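Summary of structural features
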Amino acid sequence: MTMDTGTSRALARVLVPLLAALALLLLPGPGGGTADAASVCHGRPTRTIAFATGELRLYRSRQYVCAVTVAKRPGPRRQMAVSLQPRGGRAVVRSGRFDRQTGPLTVHALNRCVRAGGSVAGRGTVTGWILC
């Protein structure tokens, strides 16, 4: 059974993009496939503010700001919190007992400054008005 040139080209036009998309889904990215390489927030990383027991990571897209508090040493569950407040709006807080991170927490902040805070085991940080 032989295929003519038109049929094989049409088949190639369908299969090549499909196989390329499948390869992108299955192969690890430039980060080596580690869990830290994948972000839970949408947008680009904007700031990382370190403190004694962890760090507060901020991400920004055009309309939104997202925050995550990550523990320096993952382990047993302990009290963690993350908060975001757009200027002129109410603060949004997520807190509880977590082992690795708390968040993501997203607020609408188009053309607005935000105040962010994060804590792990009672130690943390609060920013002033940033990302203006």
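Here's a quick rundown of the structure. (Residues numbered from 1 in each chain as written. Predicted model: local features only at pLDDT ≥ 70, side-chain atom pairs only at ≥ 80, totals over all residues. Heavy atoms only, no water.)

A few points about the overall build of the chain
Tallying secondary structure elements over the chain gives one helix and eight strands in all. Across the chain, helices and strands are ordered from the amino to the carboxyl terminus as α-β-β-β-β-β-β-β-β. Here the analysis covers contacts within the chain between residues at least 6 apart in sequence; of these, 45% occur between residues at least 24 apart. For the chain, the accessible area works out to roughly 8,800 Å², and carbon and sulfur atoms hold 57% of it. (Helix = DSSP H or I, 4+ residues; strand = E, 2+ residues; numbered from the N terminus. Contact = heavy atoms within 4.5 Å. Areas by Shrake-Rupley, 256 points an atom, 1.4 Å probe, with all protein chains shown as cover.)

Focus: the nonpolar core
Within the largest apolar cluster, 18 residues are counted, with the highest numbers of intra-cluster contacts made by Leu 56, Leu 58, Val 65, Ala 67, Leu 84 and Val 114. Of all the secondary-structure elements, those providing two or more residues to this core are strand E1 (44-51), strand E2 (54-60), strand E3 (64-71), strand E4 (78-86), strand E6 (101-108) and strand E7 (114-120). Of all hydrophobic cores here, the second largest spans five residues; its members include Cys 41, Tyr 59, Cys 66 and Val 68. (Core = buried A, V, L, I, M, F, W, Y, C linked by side-chain atoms within 4.5 Å. Buried < 20%, exposed > 50% of the residue type's maximum accessible area, 1.4 Å probe, protein only.)

What about the sheet that holds E6?
Strands sit in the order E1-E2-E3-E6 across an open sheet of four strands; the sheet is antiparallel. In this open sheet, the two strands that pair with only one neighbour each are E1 and E6. Between one strand and the next, the sheet's axes are offset by a mean angle of 15°, whatever the strand orientation. Note: E3 against E6, six bridges, orientation antiparallel. Each residue of the ladder has a partner; that of Tyr 64, found in E6, is His 108. (Pairing = 2+ DSSP bridges. Axes fitted to C-alpha atoms, helices over the stretch in contact; angles between N-to-C directions.)

A short note on the state of the cysteines
In a disulfide, the sulfur atoms of two cysteines are held together by a covalent bond. The tally for this structure, following the rule as stated, stands at two disulfides. The disulfide partner of Cys 113 is Cys 132, and the S-S distance across this bridge is 2.0 Å. Every disulfide takes its handedness from the sign of the S-S torsion; for Cys 113 and Cys 132 that torsion is 125°, giving right-handed. Pair noted here: Cys 113 is in the loop between E6 and E7 and Cys 132 is in the segment after strand E8 (123-126), with a separation of 19 residues, a long-range link. Residue class for Cys 113 comes out buried when judged on its relative accessible area of 10%. (Disulfide = S-S within 2.5 Å.)

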